[in-house]
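Here is what each chain is made of, one letter per residue.
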Amino acid sequence: MRTAFLKRIVLCLGVFIAFVLPLPASVGAQVIPLASSVYEDMDLLYLLAGKGTPSGSRPWTKAEAQAILGSVRKESLQAVAHSLYTSIQKKVEAPLRWNFSDGFSLSAYADVSVENYIHSNSEFSSYGAWDYSYVDRKPLVRLRLDMAVSDFFYTYSDLQYGYGLHTKDDTLDYLDANDSVGALIPANSGLYYVDENTKLVQYEKWYANNIITSTTHIDFQTPKRSVISLGSERWNATFSRDRISWGNSKIGNFILDDHVDFHEYLRFTTYSEYFKYEALVVFFDTYHASTSILRMLLAHRLEFRPWSKVSFAVSENVMYQDDKLDLRFLNPSFIFHNLNERNKFNAIAHIELAYVPFAGFRLYGQFALDQAVAPNEGDNPELPAWGMSLGADYAAAFAQGVLQSSIEASMTLPHMYRRDIVDFLMARRYAGLNTNAWNAVKLDYIGSPYGGDALVLHARTLYKVADEGSLSLAVTGVLKGGVDMFTVLDDSSSEYGTTMFSDDVIHTSFIATLAGALDVGFSTAWQVYAQVSVLAKGSYLQSQQAFNPHAWDVQFVMGTTFSF
């Protein structure tokens, strides 16, 4: 009896092995989330190898990441860069967890994270007043599921159990007769909202954690990532709810930035070693509108690498808003600036450049033009608006890892992202079991998180050992003028014009953060991490040439994530 039972077990194992053994090398259509270390590691590798910069249009698929990695000659790398290359290669060529002989692949994972948050000043009581904030904080539990067929089809979704943006304990503000949000939400809408200054209990407490004990506090915005991806070695098409980013700015990219927890978009990319093309449609929540409207970002981007040390990209993008969909406008090869319908569109153009004069040193920058008067256009009441950032990176091998330092500056004119009919602001519903607001809209910028009328300086030093851990020190200083999302602007008669800091008061903030992470290893992914931040906020009165410090805070975060 026992012998027959053992034979059955052996037979079942044999059948399973017969199906699973022919493992595919990878799933090329798999989309690598922006939280993956692949992006930072690839940036470091390109810098050490003396190449321009890997594609700034992210996320990548595994097929694209493999192509980007393949542009670096592994045999020519020094020991530290060689280790970095091997670490990246292992991640971008890894198959899904279970692979079958007919080409079907499957992964299922659970991530358990425990985080603790401590700070010294309860006045820092909004998500914008914390350096480690809503988008960074991990849920207590996240379940992940991936499925793929061969290398051309991939889908992903997740479920999570964690704190929502707002909870049962919060009393939220609402937009009354005197409050409007740019051209996005009219006055007297009566909507409840959350922005970077909204007081929230979970950020006010001197001590908090992510161990959620009541379903009245859960985040209803789940799944956070949901991806369908089709592609091959040289192209990809995705319909996703996911984070997306254009550019390599550490402060904030001007068109699409990853400070937003997710966007919902349809995207097509094709690429070679020297060129990448992207057509993108981002769909926005219009719950805030009093009438039925459609709101989409129509964007296309061309990225070039004419020489190994130089890469640049140009994009042309419009915010489309109408009560019906005109399919003519979805042609991504059209010149969007020629869509001369001011009541429906706001256009913004963009260019990026990166240059590595020698291995280990990179210069990079971005420029975005929101509005300008063209030659021979005559009287145009719309005021110019643009943003620019410039930065430099230096990296070198040090002991067993890479030591990198970077410095960057960014500035935006007052009318950046703002027009009196169609603008580049967003408002998304976040549901919660709140006593006065089941649905509250989160107000945000699509591009740089600082919006217009801002000057930001940032410096960072990072030490990283591949597959072991990292330590970084970052310092950020911000000067923010009076123009924000609530400021009423008229294109033809704005009191702000093109001059930065027109208001007497300039708001100031300073952040210094020391952060570290350690990959514990073993047979499953286990990481511990911590950071301590010192924040100060104040104001500068131009009329008195006097700085007034208001408050400061010390914030400490400690956490661990275990995946199985």
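None of these values were measured; they are calculated from a predicted model. Each chain has its residues counted from 1, running along the sequence as written. Where local features are concerned, this predicted model is filtered to residues with pLDDT of at least 70; where side-chain atom pairs are given and counted, the filter is 80 or more; whole-chain, interface and lining totals use all residues. Excluding hydrogens and water, the side-chain values take into account all heavy atoms of the structure.

Peer 1: Which residues make up empty space enclosed by the protein, and what values do they have?
Peer 2: In this analysis the probe radius is 1.4 Å and the grid spacing 1 Å, with only protein atoms considered; a cavity is a set of points the probe fits into but cannot get out of, a pocket is an open set with protein on both sides within 12 Å along at least five of seven lines, and lining residues have an atom within 4 Å of a point. Grid points are joined across faces, edges and corners, and a volume is the space filled by probe spheres set on the points. If you walk through the whole model with that rule in mind, you get 5 cavities of 30 Å³ or more. Volume-wise, the largest cavity comes out at about 110 Å³. Along its surface, the largest cavity is lined by 16 residues, and Thr53, Gly56, Arg301, Ser311 and Glu352 are the ones closest to its centre. Helix numbers and strand numbers start at the N terminus; a helix is a DSSP run of H or I with at least 4 residues, a strand a run of E with at least 2. For the lining of the largest cavity, the secondary-structure elements that each account for two or more residues are strand E14 (294–307), strand E15 (310–322), strand E16 (345–358) and strand E17 (361–371). When its residues are assigned to classes, the lining of the largest cavity shows 6 nonpolar, 6 polar and 4 charged. Polar here means any residue other than Ala, Val, Leu, Ile, Met, Phe, Trp, Tyr, Cys and Pro, which are nonpolar, and Asp, Glu, Lys and Arg, which are charged; Gly is therefore polar.

Peer 1: For the nonpolar core, give the residues involved together with the corresponding values.
Peer 2: Nonpolar core, defined: a set of buried Ala, Val, Leu, Ile, Met, Phe, Trp, Tyr and Cys residues in which side-chain atoms within 4.5 Å join the residues together. Partly exposed residues are those whose accessible area sits between 20% and 50% of the maximum for their type, while under 20% is buried and over 50% is exposed, using a 1.4 Å probe and protein chains only. One finds Ile185, Leu256, Leu280 and Leu443 to be the most contacted residues of the largest nonpolar core, which totals 33 residues. Taken together, the elements giving at least two residues each to this core come down to strand E13 (275–283), E14, strand E20 (425–431) and strand E21 (439–445). Whether two residues are in contact is decided by their heavy atoms, any of which lying within 4.5 Å being enough. For Leu280, the residues in contact, after removing those within four places along its chain, are Ile244, Trp246, Leu256, Tyr265, Leu266, Arg267, Leu297, Leu298 and Ala299. Leu47, Val72, Val92 and Leu462 belong to the second-largest nonpolar core, a separate cluster that totals 26 residues.

Peer 1: An account of the side chain of Glu278 is requested, with residue identities and associated values reported.
Peer 2: Looking at where Glu278 falls in the secondary structure, it is placed in strand E13. Among the polar contacts made by the side chain of Glu278, one reaches the side chain of Trp246 at a distance of 3.3 Å. At a separation of 2.8 Å, a polar atom in the side chain of Glu278 contacts the side chain of Arg267. Contact partners of Glu278, with chain neighbours within four places excluded, come to Ser57, Ile244, Trp246, Arg267, Phe268, Thr269, Ala299, His300 and Arg301. N or O atoms within 3.5 Å of each other form a polar contact, as long as, within protein, one can give a hydrogen and the other can take it, and as long as residues adjacent in sequence are counted only when both atoms are side-chain atoms.

Peer 1: So, the environment of Ala385: which residues are in play, and what are the values?
Peer 2: Note that Ala385 resides in strand E18 (residues 385–398). The buried category is assigned to Ala385, whose relative accessible area is 0%. Once the C-alpha coordinates of Ala385 and Ser71 are considered, the two residues, 314 residues apart in sequence, prove to be 38 Å apart. For Ala385, the residues in contact, after removing those within four places along its chain, are Ala368, Leu369, Asp370, Gln371, Leu413, His415, Met416 and Arg419.

Peer 1: Which residues make up the pairing of strand E10 (residues 235–242), and what are the values?
Peer 2: In terms of strand pairing, strand E9 (residues 226–231) meets E10 through 6 bridges, oriented antiparallel. Within E10, the position partnered with Leu230 by the bridge is Ala237. Pairing between strands is defined by DSSP: at least two bridges between them are needed. Taken together, E9 and the strand that follows it, E10, pair antiparallel across an intervening segment of 3 residues. The sheet contact formed by E10 and strand E12 (residues 263–271) spans 8 bridges and is antiparallel. For Ala237, the partnering residue across the bridge sits in E12 and is Phe268.

Peer 1: I'd like a description of the confidence of the model for the protein chain, backed by residues and values.
Peer 2: For every residue, the pLDDT score states the predictor's confidence, bounded by 0 at the bottom and 100 at the top. In this model, the protein chain carries a mean pLDDT of 89, and residues with pLDDT of at least 70 account for 92%. Between residues 1–25, whose pLDDT stays under 50, and residues either more than four places distant or in other chains, the model counts 16 contacts.

Peer 1: Explain helix H3 (residues 62–70) to me, using residue names and the numbers behind them.
Peer 2: Considered for burial, the residues of H3 that qualify are Lys62, Ala63, Glu64, Ala65, Ile68 and Leu69. In the core, the buried residues of H3 are packed alongside helix H2 (38–49), helix H4 (79–92), E12 and E13.

Peer 1: Break down the sheet that holds E21 for me, citing the residues and quoting the values.
Peer 2: The 4 strands lie next to each other as E6-E7-E21-E20, forming an open sheet whose pairing is mixed. Two strands bound the open sheet, and with one partner strand each, they are strand E6 (173–174) and E20. Where strand E7 (residues 192–194) and E21 come together, 2 bridges link them in parallel fashion. Each bridged residue has a counterpart across the sheet, and for Val194 the counterpart in E21 is Lys442.

Peer 1: So what's going on with the pattern of salt bridges? Residues and values would help.
Peer 2: A pairing counts as a salt bridge when a side-chain nitrogen of Lys or Arg comes within 4 Å of a carboxyl oxygen of Asp or Glu. On inspection of all chains with the given rule, the structure shows 29 salt bridges. Lys224 is the partner of Asp219 in a salt bridge, and the nearest nitrogen-oxygen pair spans 3.5 Å. Lys224 sits in the buried class, given a relative accessible area of 12%. The partner of Arg328 in a salt bridge is Asp326, and the shortest N-O contact between them spans 2.8 Å. Overall, Asp326 belongs to the buried group, its relative accessible area being 18%. Linked through salt bridges whose partners overlap, the residues forming this network are Glu40, Asp41, Lys90, Lys91, Arg460, Lys464 and Asp467.

Peer 1: Talk me through the packing of aromatic side chains; I want residue IDs and the actual numbers.
Peer 2: Stacked, edge-to-face and tilted labels apply to pairs of Phe, Tyr and Trp rings (six-membered ring for Trp) whose centres lie within 6.5 Å, assigned for plane angles under 30 degrees, over 60, and everything in between, in that order. On inspection of all chains with the given rule, the structure shows 20 aromatic pairs. Summarising the aromatic geometry, the rings of Tyr39 and Trp60 are spaced 4.7 Å apart at their centres and angled 50 degrees between planes, so their arrangement reads as tilted. Of the two residues, Tyr39 sits in helix H2 while Trp60 sits in the loop between strand E1 (57–58) and H3, which places them 21 residues apart along the sequence. The exposure classification of Tyr39 matches that of Trp60, with both residues buried. Where Trp526 meets Phe562, the ring centres are 6.1 Å apart and the plane angle is 80 degrees; that geometry is what we call edge-to-face. Here Trp526, found in strand E25 (residues 526–541), pairs with Phe562, found in strand E26 (residues 546–563); they are 36 residues apart in sequence, far enough to count as distant. Here the aromatic residues Phe275, Phe304 and Phe312 are joined through ring pairs into a cluster of three or more. In this scheme, the term charge over a ring applies when either NZ of a lysine or CZ of an arginine sits within 6 Å of the ring centre and within 35 degrees of the ring normal. A cation over an aromatic ring shows up here: Arg301 above the ring of Trp246, its NZ or CZ 5.4 Å from the ring centre. In this structure, Arg428 packs its charged tip against the face of Phe262, placed 3.8 Å from the ring centre.

Peer 1: Explain unusual backbone geometry to me, and be specific about the residues and the numbers.
Peer 2: For the peptide bond that leads from Arg58 to Pro59, omega is 15 degrees, which places it in the cis range. Turning to its location among the elements, Pro59 is positioned in the loop between E1 and H3. Thr222 connects to Pro223 through a cis peptide bond whose omega is 5 degrees. At Ala399, a position not held by glycine, the phi torsion is positive, near 55 degrees. Looking at where Ala399 falls in the secondary structure, it is placed in the loop between E18 and strand E19 (401–412).

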